[in-house]
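Chain by chain, the residues:
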Amino acid sequence: GNSVTQMEGPVTLSEEAFLTINCTYTATGYPSLFWYVQYPGEGLQLLLKATKADDKGSNKGFEATYRKETTSFHLEKGSVQVSDSAVYFCARRGNQGGKLIFGQGTELSVKP
Amino acid sequence: EPEVTQTPSHQVTQMGQEVILRCVPISNHLYFYWYRQILGQKVEFLVSFYNNEISEKSEIFDDQFSVERPDGSNFTLKIRSTKLEDSAMYFCASSDGGERGTEAFFGQGTRLTVV
């Protein structure tokens, strides 16, 4: 099938902790991959993306590497802040056209 | 910074009523989308729209749903006869291309509650 699977939340961390949110996908071919973030009360914002295998997307201290061998796109950040508290969505481009296929979202809560 | 705007932010409607959710995409974008997110579930694709016609739709997007670009700026989603299970957050998105890496910009969503 064509799907995106993320680790279950909520994830609760202390400030400055290391973050990993796992994401794996199934697809035919090598679709573009994305991480979107949804802060409380707001819409979805693109956090980072990678369009081909071995690409690394990065933004605001977050990184994710497109791993075709493991069909994964795990999100990492070395030191989280309280302001990173949000829901994070992994997504892949559909096989045709521009639609996005989302994972179920992972809620991150960072405590001071 | 240009943004996608959606109105209203929250709509409550009675079962069986028609609702129209409104979106103003970013002005130079050509591709428009609707997604929905039922509370606690994943964001699901509904429909994409390009060149004044539907380019792709999901199985969720049945005959009760329709989309329209009535003028040069608005993009609407109509639900003809709402059901309880239509209660969800509806997101509009737009992009300037359908290609691999093109970013889709999302609105803040309309929370639809069917009672």
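Details of the structure are given in the entry above.
Residues numbered from 1 in each chain as written. Chains lettered and ligands numbered in written order. Predicted model: local features only at pLDDT ≥ 70, side-chain atom pairs only at ≥ 80, totals over all residues. Heavy atoms only, no water.

1. What about the overall build of chain A?
Logical step 1: When you go through chain A residue by residue, the secondary structure sums to zero helices and twelve strands.
Logical step 2: Walking chain A from its N terminus toward its C terminus, one meets helices and strands in the order β-β-β-β-β-β-β-β-β-β-β-β.
Logical step 3: At 13 Å, chain A has a C-alpha radius of gyration in line with the 13 Å of a compact globule built from 112 residues.
Logical step 4: Overall, the C-alpha framework of chain A stretches about 40 × 25 × 20 Å when taken along its three principal axes.
Logical step 5: For chain A, the residues scored as buried account for 46% of the 112 residues in total.
Logical step 6: For chain A, contacts bridging at least 24 residues in sequence account for 56% of all contacts bridging at least 6.
Logical step 7: Just so you have it, chain A exposes about 5,000 Å², and 47% of that area is on carbon and sulfur atoms.
Logical step 8: With 11 positive and 11 negative side-chain charges, chain A shows a separation of 9 Å between the mean positions of the two kinds. (Helix = DSSP H or I, 4+ residues; strand = E, 2+ residues; numbered from the N terminus. Rg over C-alpha atoms; globule rule 2.2 N^0.38 Å. Buried < 20%, exposed > 50% of the residue type's maximum accessible area, 1.4 Å probe, protein only. Contact = heavy atoms within 4.5 Å. Areas by Shrake-Rupley, 256 points an atom, 1.4 Å probe, with all protein chains shown as cover. Lys, Arg positive; Asp, Glu negative; His and termini not counted. Charge placed at Lys NZ, Arg CZ, Asp CG, Glu CD.)

2. Thoughts on the state of the cysteines
Logical step 1: In the structure shown here, the tally under the stated rule is two disulfides over all chains.
Logical step 2: For Cys23 of chain A, the disulfide goes to Cys90 of chain A, at an S-S distance of 1.9 Å. The disulfide joining Cys23 of chain A to Cys90 of chain A has a torsion of about -70 degrees about its S-S bond and is therefore left-handed. Placement of the pair is Cys23 of chain A in strand E4 (residues 23-26) and Cys90 of chain A in strand E10 (residues 86-93), with a sequence separation of 67 residues. Each of the two residues, Cys23 of chain A as well as Cys90 of chain A, counts as buried.
Logical step 3: Paired through a disulfide, Cys23 of chain B and Cys92 of chain B show a sulfur-sulfur distance of 2.0 Å. Residues Cys23 of chain B and Cys92 of chain B share a disulfide whose torsion about the S-S bond is about -65 degrees; that sign makes it left-handed. Of this pair, Cys23 of chain B sits in strand E3 (residues 19-24) while Cys92 of chain B is found in strand E9 (residues 88-95), placing the two residues 69 residues apart along the sequence. (Disulfide = S-S within 2.5 Å.)

3. Regarding the sheet that holds E3 of chain B
Residue and element names in this part refer to chain B.
Logical step 1: The strand order across the open sheet built from four strands is E1-E3-E8-E7, with neighbouring strands paired in antiparallel fashion. The strands lining the two open edges of the sheet, one partner per strand, are strand E1 (5-7) and strand E7 (65-68). Neighbour-to-neighbour, the strand axes of the sheet open up by a mean angle of 20 degrees, direction not taken into account.
Logical step 2: Strand direction decides the pairing type here: E1 and E3, joined by three bridges, are antiparallel. (Pairing = 2+ DSSP bridges. Axes fitted to C-alpha atoms, helices over the stretch in contact; angles between N-to-C directions.)

4. Points about the interface of chain A and chain B
Logical step 1: Counting from both sides, the interface comprises 25 residues of chain A and, opposite them, 19 residues of chain B.
Logical step 2: Both faces combined, the contact of chain A with chain B buries some 1,800 Å², and carbon together with sulfur accounts for 47% of it.
Logical step 3: In terms of surface lost to chain B, no three residues of chain A exceed Leu44, Lys99 and Phe102 of chain A, which account for 28% of the buried area on that side.
Logical step 4: Our enumeration of links across chain A and chain B arrives at three residue pairs in polar contact (both at pLDDT 80 or more). (Buried area = accessible area lost by both parts, 1.4 Å probe. Polar contact = N/O pair within 3.5 Å; in protein donor to acceptor, adjacent residues only side chain to side chain.)

5. Focus on the sheet that holds strand E7 (residues 56-59) of chain A
Residues and elements named next belong to chain A.
Logical step 1: Across the sheet, four strands lie side by side as E3-E9-E8-E7; this open sheet has antiparallel pairing. Because the sheet does not close on itself, it has two edges, and the strands there are strand E3 (19-21) and E7. In this sheet, neighbouring strand axes are inclined to one another by 15 degrees on average, regardless of whether the strands run parallel or antiparallel.
Logical step 2: By the bridge criterion, three bridges tie E3 to strand E9 (residues 75-77) in an arrangement that is antiparallel. Within the sheet, the bridge partner assigned to Leu19 lies in E9 and is Lys77.

6. Quick notes on the environment of Tyr66 of chain A
Residue and element names in this part refer to chain A.
Logical step 1: Inspection of the secondary structure assignment puts Tyr66 in the loop between strand E8 (62-65) and E9.
Logical step 2: By relative accessible area, which is 0% here, Tyr66 ends up buried.
Logical step 3: For Tyr66 and Leu33, which are 33 residues apart along the polypeptide, the C-alpha to C-alpha distance reads 7.5 Å.
Logical step 4: Residue contacts for Tyr66: discarding those within four places in its chain leaves Tyr25, Tyr30, Pro31, Leu33, Ala50, Thr51, Lys52, Ala53, Asp54, Asp55, Ser72 and Phe73.
Logical step 5: In terms of polar contacts, Tyr66 uses its side chain to reach the backbone carbonyl oxygen of Pro31, at 2.7 Å.

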